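# Architecture and fold: a report
So the chains spell out like this:
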Amino acid sequence: LRGWVFTGFPWAMLGHGLIGTPLMQLAAITGAGGLSLLLLLCAALPVLGANAVQRGAGAVLAGLVLAFGWGWGLTQQALPEDRGGIVRLAQPNAPQAEKWLEENIYLFFYRLLEQTSASPVLASSPPPDLVLWPETAVPFLLEYPGDGLAMIADALAAQNTEARLGFGVQRLEDGRFFNSFAVLTPQAEVTHLYDKHHLVPFGEYIPFSEWLLGTPIGGLAGRALSGYTAGPGPVVLDLGDLGLVLPLICYESIFPRHLRATPRPDWVVQVTNDAWFGALTGPYQHLAQARLRAVEQGLPVLRVANTGVSAFIDARGGIVAELALNTAGVLDGPVPGALPPTVYARHGDWPLVLGLGVLLLGAGLIRRRYSAS
């Protein structure tokens, strides 16, 4: 319920404690809820009485061993071949308290430009075909860029005249603000655009702001207090040789339902600004959830964060490469290959719902039996 009510907040679920273990692979069938259920079944045994423990412990232990062995076996299998093309993740390391200071606004923008035009670390490596910047990466609105887009295009063309750049940007349309992801060509042309559709309550918008102000929904004050406007929903972007890409902006990546897009993408890009969390556990928890999304869908995830942790994540949730938290740098690499659609990708939470139904039915029958005796 916590993952759905009032737009939901499925953060720090019990099952997230299994991320990074072979048992994480069960999420390809049951999602994070199934991992939580597994832990709850184990925790429930000691409080069900000696007889119940004797009857159930063997079954639960056998299930754990089988699940662990199955998950470990999957992690030992070869992954699909990487996709063609090279992607660069640019991490500028702009602390939230400094990012929008007047004297720093262009400092971090220029740093991203330098990271974009920088030569590959290895002289033998090809230049990137796509460069990715994090959420709200630029100090201008998309509709009023000044020389900003031209500067990005110049940095991009210096790297590869055929390359493109995906970046987080704020934009304004009909008096409404959007938190967006755009794709730019070396000719400074925006070819793809996605507007974040799942906003953070009280962080990116104020619920019922028009009612609080006593103004009609079209009022300027109501729009300003409301913050961002939500986009229409998930969008899959066709990037040609780089495949079909599903963009997620920050908060959206914690919701498994947002990744079940049609058509199915070849990979997922998550742009985020985890600088809000500072150097605490938040960035690592957010990274862990991105790994779980990869397992659930059988899709690689490329995660580019303002202060970290940026990473290439393969389709089984393994971290191929990462940039440490609170460091500036770039990562170049191919997009990992995708696996066939998982059970969870095809059916969502329905296997878990059916499993819970069976458990409830069994509990009801047992209760009725004991009541009759």
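## Details of the nonpolar core
Formed by 22 residues in total, the largest nonpolar core has its most connected members in Val87, Leu89, Leu132, Phe181, Trp267 and Leu302. When contributions to this core are tallied by element, the ones reaching two or more residues are strand E1 (86-91), strand E2 (130-132), strand E4 (176-184), strand E7 (244-249), strand E8 (267-272) and strand E9 (301-305). Sorting elements by how many residues they give to this core places E8 first, with 3 residues. Residue contacts for Leu89: discarding those within four places in its chain leaves Leu132, Leu302, Arg303, Val304, Ser310, Ala311, Phe312, Leu323, Gly329, Val330 and Leu331. Residues Leu165, Val169, Ala182 and Leu184 belong to the second largest nonpolar core, which totals 20 residues.

## Overview of the packing of helix H1 (residues 27-44) against helix H8 (residues 282-297)
Packed helix pairs are specified by the crossing angle of their axes together with the interaxial distance, meaning the distance between the axes. Interaxial distance between H1 and H8 falls to 8 Å at its minimum, and their mutual angle equals 140 degrees. Taken together, H1 and H8 sit at an angle that is classed as oblique. Here Ala27, Ala28, Gly31, Ala32 and Leu35 of H1 lie close against H8, whose contacting residues are Leu292, Arg293, Val295 and Glu296. Classifying every residue of the contact of H1 with H8 by side-chain character gives 6 nonpolar, 1 polar and 2 charged.

## Section: the sheet that holds E1
Pairing between sheet strands relies on hydrogen bonds along the backbone, with the strands arranged either parallel or antiparallel. In spatial order, the strands read E5-E4-E3-E2-E1-E12; together these 6 strands make up an open sheet with mixed pairing. Each having just a single partner strand, strand E5 (190-195) and strand E12 (329-334) make up the two edges of the open sheet. When strand polarity is set aside, the average angle formed by the axes of neighbouring strands in this sheet is 30 degrees. Sheet analysis places E1 next to E12, joined by 6 bridges and oriented antiparallel. Following the sheet pairing, Arg88 is matched in E12 by Asp332.

## Structural notes on empty space enclosed by the protein
In the structure shown here, the tally under the stated rule is 1 cavity of 30 Å³ or more. Taken as a whole, the largest cavity spans an internal volume of roughly 100 Å³. The element that contributes the greatest number of residues to the lining of the largest cavity is helix H4 (residues 105-117), accounting for 4 residues.

## Looking at the layout of surface pockets
Using a probe with the size of a water molecule, rolled over the atoms, empty space left in the structure can be pinpointed. Estimated volume of the second largest pocket: approximately 660 Å³. What lines the second largest pocket is a set of 23 residues, and nearest its centre among them are Trp4, Met13, Gly33, Asp349 and Leu352. With 5 residues, H1 is the largest single contributor of residues to the lining of the second largest pocket. Taken together, the residues of the lining of the second largest pocket sort by class into 14 nonpolar, 5 polar and 4 charged.

## A short note on the pattern of salt bridges
The full count for this structure, using the stated rule, is 8 salt bridges. A salt bridge links Glu143 to Arg171; the shortest N-O distance between them is 3.7 Å. Of this pair, Glu143 sits in the loop between E2 and helix H5 (148-159) while Arg171 sits in strand E3 (residues 164-173); the two residues are 28 residues apart in sequence, bridging distant segments of the chain. Given the relative accessible area of 33%, Glu143 is considered partly exposed. The buried category is assigned to Arg171, whose relative accessible area is 6%. A salt bridge links Arg171 to Glu173, with the shortest nitrogen-to-oxygen separation between them at 2.8 Å. The class of Glu173 is partly exposed, set by a relative accessible area of 32%.

## So, the pairing of E8
The buried count for E8 comes to 6 of 6 residues, which makes it a mostly enclosed element. As defined by bridge partners, E7 adjoins E8 across 5 bridges and the pair is classed as parallel. Bridge pairing in E8 places Ile249 opposite Val271. Bridge count for E8 against E9 is 5 bridges, and the pairing is parallel. If you follow Val268 over to E9, its bridge partner there is Val301. After leaving E8, the chain enters H8 and then returns to the sheet as E9, a path that is right-handed.

## Considerations on the packing of aromatic side chains
Across all of its chains, the model carries 9 aromatic pairs by this definition. Where Tyr251 meets Phe255, the ring centres are 5.1 Å apart and the plane angle is 75 degrees; that geometry is what we call edge-to-face. Neither residue differs from the other here; Tyr251 and Phe255 are each classed as buried. An aromatic cluster is defined as three or more aromatic residues linked by ring pairs; in this entry it consists of Tyr106, Phe109, Tyr110, Trp133, Phe140 and Phe167. A cation over an aromatic ring shows up here: Arg171 above the ring of Phe178, its NZ or CZ 4.6 Å from the ring centre.

Cut-offs and rules
- Residues numbered from 1 in each chain as written.
- Predicted model: local features only at pLDDT ≥ 70, side-chain atom pairs only at ≥ 80, totals over all residues.
- Heavy atoms only, no water.
- Core = buried A, V, L, I, M, F, W, Y, C linked by side-chain atoms within 4.5 Å.
- Buried < 20%, exposed > 50% of the residue type's maximum accessible area, 1.4 Å probe, protein only.
- Helix = DSSP H or I, 4+ residues; strand = E, 2+ residues; numbered from the N terminus.
- Contact = heavy atoms within 4.5 Å.
- Axes fitted to C-alpha atoms, helices over the stretch in contact; angles between N-to-C directions.
- Parallel < 35°, antiparallel > 145°, perpendicular 65-115°, else oblique.
- Nonpolar A, V, L, I, M, F, W, Y, C, P; charged D, E, K, R; others polar.
- Pairing = 2+ DSSP bridges.
- 1 Å grid on protein atoms, 1.4 Å probe; cavity = no way out; pocket = protein on both sides within 12 Å on 5 of 7 lines; lining within 4 Å.
- Points joined across faces, edges and corners; volume = space filled by probe spheres on them.
- Salt bridge = Lys/Arg side-chain N within 4 Å of Asp/Glu carboxyl O.
- Right-handed = clockwise from strand over helix to strand, strands pointing away.
- Phe/Tyr/Trp six-rings, centres within 6.5 Å; stacked < 30°, edge-to-face > 60°.
- Lys NZ or Arg CZ within 6 Å of the ring centre and 35° of its normal.

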